[in-house]
Amino acid sequence: MQLPNKLYSYKNSTLSLIPIVLDEIKNGPVAVKVLYERVKPSLKDATDFISVMDCLYALRAADLNDEGEVFICL
C-alpha cells in the first residue's frame, strides 16, 4: 500500500482510490471482476486494486458475500 509521503502524493497513493471504489459499491453488491473493470481507468496496475481492497477490508469498510460480490459495510 502506498501512503502519501515525500515520494508519493495523495493523488498517487492508495488512499485516493478508496472513494472511487466506495462510490462504485454504494448502491449494492458488485462482483469483483465487474468492480475491477469499473475502476480500472483510475488504476496504474492491478496491484493498486488489490491494495485498495486490502485497505477497505482491514478498515472493515468493505467485505465479500457468499456470491463473491463486494459490498459496503459502512
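Up top is the structure these notes are about.
Here is a short report on the structure shown in this document. Owing to the predicted nature of the structure, the values given are computational and were not obtained by experimental measurement.

## Quick look at helix 3 (residues 46–58)
Its 13 residues give helix 3 an end-to-end C-alpha distance of 19 Å, which sits within 8% of 18 Å, the value for a rise of 1.5 Å per residue. All buried positions along helix 3 are accounted for by Asp-48, Phe-49, Ser-51, Val-52, Met-53, Cys-55 and Leu-56. Considering only its buried residues, helix 3 is in contact with helix 1 (18–25), helix 2 (32–39), strand 2 (62–64) and strand 3 (69–72). Arg-60 lies just past helix 3 and shows a positive phi near 60 degrees.

## Looking at the packing of aromatic side chains
Evaluation of the coordinates by the stated rule reveals one aromatic pair. Each ring, one from Tyr-36 and one from Phe-49, has its centre 5.3 Å from the other, and the planes form 70 degrees; the classification is edge-to-face. Within this pair, whereas Tyr-36 is found in helix 2, its partner Phe-49 is found in helix 3, the two being separated by 13 residues in sequence. Assessed through its relative accessible area of 8%, Phe-49 is described here as buried.

## Some words on the pattern of salt bridges
Within the structure shown, the criterion is met by two salt bridges. The partner of Lys-26 in a salt bridge is Asp-23, and the shortest N-O contact between them spans 2.9 Å. What makes Asp-23 partly exposed here is its relative accessible area of 40%. Measuring nitrogen to oxygen at the nearest pair gives 3.5 Å for the salt bridge that ties Arg-38 to Glu-24. Placement of the pair is Arg-38 in helix 2 and Glu-24 in helix 1, with a sequence separation of 14 residues. A relative accessible area of 25% means that Glu-24 is categorised as partly exposed.

About the thresholds
Residues numbered from 1 in each chain as written. Predicted model: local features only at pLDDT ≥ 70, side-chain atom pairs only at ≥ 80, totals over all residues. Heavy atoms only, no water. Helix = DSSP H or I, 4+ residues; strand = E, 2+ residues; numbered from the N terminus. Expected span 1.5 Å × (residues − 1). Buried < 20%, exposed > 50% of the residue type's maximum accessible area, 1.4 Å probe, protein only. Contact = heavy atoms within 4.5 Å. Phe/Tyr/Trp six-rings, centres within 6.5 Å; stacked < 30°, edge-to-face > 60°. Salt bridge = Lys/Arg side-chain N within 4 Å of Asp/Glu carboxyl O.

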